[in-house]
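Overview (structure and organization)
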Amino acid sequence: MRQMNKQTCFRATAPTMQRVAVLSKGRRSFKVLASATAVKTVKIGTRGSPLALAQAYMTRDLLKENFPELRDDGALEIIVIKTTGDKILNQSLADIGGKGLFTKEIDEALLDSRIDIAVHSMKDVPTYLPAGTVLRCNLPREDVRDVFISPVAKNLADLPAGAVVGSASLRRQSQILNKYPHLKVVNFRGNVQTRIRKLQEGDCSATLLALAGLKRLSMEEHITYTIPIDEMLPAVSQGAIGIACRSDDPPIQKYLATLNHEDTRIAIVCERAFLTALDGSCRTPIAGYARRGEDGKLHFSGLVATTDGKEVLRTTAVGEFTEADALRVGAEAGAELKAIARPGFFMW
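Residues numbered from 1 in each chain as written. Predicted model: local features only at pLDDT ≥ 70, side-chain atom pairs only at ≥ 80, totals over all residues. Heavy atoms only, no water.

1. A look at the overall build of the chain
A tally of helices and strands in the chain yields 10 helices and 16 strands. The burial tally for the chain puts 52% of its 348 residues in the buried class. By sequence separation, contacts in the chain at least 24 residues apart represent 68% of the contacts at least 6 residues apart. Carbon and sulfur atoms make up 51% of the accessible area of the chain, which totals about 15500 Å². (Helix = DSSP H or I, 4+ residues; strand = E, 2+ residues; numbered from the N terminus. Buried < 20%, exposed > 50% of the residue type's maximum accessible area, 1.4 Å probe, protein only. Contact = heavy atoms within 4.5 Å. Areas by Shrake-Rupley, 256 points an atom, 1.4 Å probe, with all protein chains shown as cover.)

2. Things to note about the side chain of Asp 146
Mapped onto the secondary structure, Asp 146 falls in strand S8 (residues 146-149). A relative accessible area of 0% places Asp 146 in the buried class. A polar atom in the side chain of Asp 146 sits 2.9 Å from the side chain of Arg 171. Here Gln 238 takes part through its side chain, which lies 3.0 Å from a polar atom of the side chain of Asp 146. The contact partners of Asp 146, leaving out residues within four places of it in the chain, are Arg 171, Arg 172, Leu 209, Ala 210, Leu 211, Thr 226, Ile 227, Met 232 and Gln 238. (Polar contact = N/O pair within 3.5 Å; in protein donor to acceptor, adjacent residues only side chain to side chain.)

3. Topic: the layout of surface pockets
Its volume calculated, the second largest pocket comes out at about 220 Å³. Together, 16 residues line the second largest pocket, and Met 122, Leu 135, Ile 268, Val 269 and Arg 272 are the ones closest to its centre. Breaking the lining of the second largest pocket down by element, the ones donating at least two residues are strand S7 (133-138) and helix H9 (262-278). Sort the elements by how many residues they give to the lining of the second largest pocket and H9 lands first, with 6 residues. (1 Å grid on protein atoms, 1.4 Å probe; cavity = no way out; pocket = protein on both sides within 12 Å on 5 of 7 lines; lining within 4 Å. Points joined across faces, edges and corners; volume = space filled by probe spheres on them.)

4. Quick notes on the packing of helix H1 (residues 50-66) against helix H8 (residues 250-259)
Remark: H1 packs on H8, axes separated minimally by 10 Å, with the N-to-C direction vectors making an angle of 95°. Relative to H8, H1 is oriented roughly perpendicular. Facing H1, whose interface residues are Leu 62, Leu 63 and Asn 66, H8 presents Tyr 255, Thr 258 and Leu 259. Within the contact of H1 with H8, the residues separate by chemical class into 4 nonpolar, 2 polar and no charged. (Axes fitted to C-alpha atoms, helices over the stretch in contact; angles between N-to-C directions. Parallel < 35°, antiparallel > 145°, perpendicular 65-115°, else oblique. Nonpolar A, V, L, I, M, F, W, Y, C, P; charged D, E, K, R; others polar.)

5. Section: the nonpolar core
With 22 residues, the main nonpolar core has Ile 44, Leu 63, Leu 70, Ile 117, Ile 243, Ile 252 and Leu 256 as its most contacted residues. Mapped by element, the contributors of at least two residues to this core are strand S4 (42-46), H1, strand S5 (76-80), strand S6 (117-121), strand S13 (241-246) and H8. If one sorts the elements of this core by residue count, H8 sits on top with 4 residues. Each residue touching Ile 117, except ones within four places of it in the same chain, is listed here: Val 42, Lys 43, Ile 44, Gly 45, Leu 63, Leu 110, Ile 243, Ala 244, Ile 252 and Leu 256. (Core = buried A, V, L, I, M, F, W, Y, C linked by side-chain atoms within 4.5 Å.)

6. Considering the sheet that holds strand S14 (residues 286-292)
Ordered in space as S14-S15-S16, the 3 strands form an open sheet in which the pairing is antiparallel. Only two strands of the sheet have a single partner each, and these edge strands are S14 and strand S16 (312-319). Taken over all neighbouring pairs, the strand axes of this sheet differ in orientation by 10° on average, direction set aside. Bridging between S14 and strand S15 (residues 298-305) involves 7 bridges; their strand directions are antiparallel. Across the sheet, residue Tyr 289 finds its bridge partner in S15, namely Ser 301. Relative to the sheet, helix H5 (residues 170-179) contacts S14, S15 and S16, its axis offset from that of S14 by approximately 95°. Helix H10 (residues 323-340) contacts S15 and S16 of the sheet and is inclined by roughly 155° relative to S16. (Pairing = 2+ DSSP bridges.)

7. What to know about the environment of Glu 221
Mapped onto the elements, Glu 221 comes out in the loop between helix H7 (211-216) and strand S12 (225-226). When the C-alpha positions of Glu 221 and Ile 149 are compared, they lie 10.0 Å apart, and in sequence the two are 72 residues distant.

8. Remarks on the pattern of salt bridges
One pass over the full model with this rule turns up 20 salt bridges. A salt bridge links Arg 172 to Asp 146; the nearest nitrogen and oxygen atoms lie 2.7 Å apart. In this pair, Arg 172 sits in helix H5 while Asp 146 sits in strand S8, placing the two residues 26 residues apart along the sequence. The residue Arg 328 makes a salt bridge to Asp 325 at a minimum N-O spacing of 2.7 Å. (Salt bridge = Lys/Arg side-chain N within 4 Å of Asp/Glu carboxyl O.)

9. Notes on the environment of Gly 74
By secondary structure assignment, the location of Gly 74 is in the loop between H1 and S5. By relative accessible area, Gly 74 is classed as buried at 7%. Spatially, the C-alpha atoms of Gly 74 and Val 42 are 8.7 Å apart, while their sequence positions differ by 32 residues.

10. As for the sheet that holds strand S11 (residues 206-210)
Taking strand neighbours across the sheet as the criterion, the 5 strands line up as S10-S9-S11-S8-S12 in an open arrangement whose pairing is mixed. Each edge of the open sheet carries a strand with a single partner, namely strand S10 (184-186) and S12. Here S8 pairs with S12 via 2 bridges, running antiparallel. Directly across from Val 147, in S12, lies its bridge partner Thr 226. Each of S8, strand S9 (164-166), S10 and S11 touches H5; the most contacted strand, S11, lies at about 130° to it. On the sheet, helix H6 (residues 192-200) packs against S8 and S11 and is oriented at approximately 165° with respect to S11.

Structure representation (structure tokens):
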């Protein structure tokens, strides 16, 4: 599927009748009239990559499944928005700098009422939200692990000295170089399909991608090896989808609240509190993962590293699986690593 530009729209289904909106018990519902002015379609904003579109279609389908009034022709529309991160592909994310590289333009469209719902990969969402927006929903989290993909090796340990691994992630780079300093990591940007094509063309010997993305795209056949979490700690919020709306739009908020997966939300709250405490940027290799353990408690693991992988600081913590404790555990874990880091550790 090719990437579409900002003006491209995807309509869920073509409208066959005009409609008029009525409010019923706080939710939008639609009454079909033979001749009436069409109601405002609920517009879902997303980036244009195949993965982003897959996540937007997933959101659309869940809304249709849970709300009969949204099954009407033309009730939902997907709007593709090109972000800064999509436009600049010849530089690393760290060099572009700033936060919200993949969300800023979507947030602006939301605030301007050009869209009603914003679908994000949570790992792209800054730790702050623009005033006037709320994150009302996290969909059930997909597998958080990274995968190794290579036509020449079965895993990272199998690569020879000097082999080139392509990755745009400083988190992956630092953890690779920490364990395998004899390897070389180069910037490797683009959507999933682009990276796999570059790999097949011989731009590098291997690459690492998120398993979640490959599963959502039904591209698991490319996986060479799934890396255990204790070997490669995932990015904060990896595998999670976040859905935002305007804070002054109660009907949309009610739709999204119904779709929310609370265990995912609590875990993401913890991980983002960790990230906030570290004041992490695109130049900071940070990893964090929270989950509900078999004992029902919140289990968290986090790390921060130098980009060359020579220094890696780790922490683990356990708390109650509540929002309040998730905030506390994440914040305290971040504060702990900041306290033990040497002077200048974060100055790169």
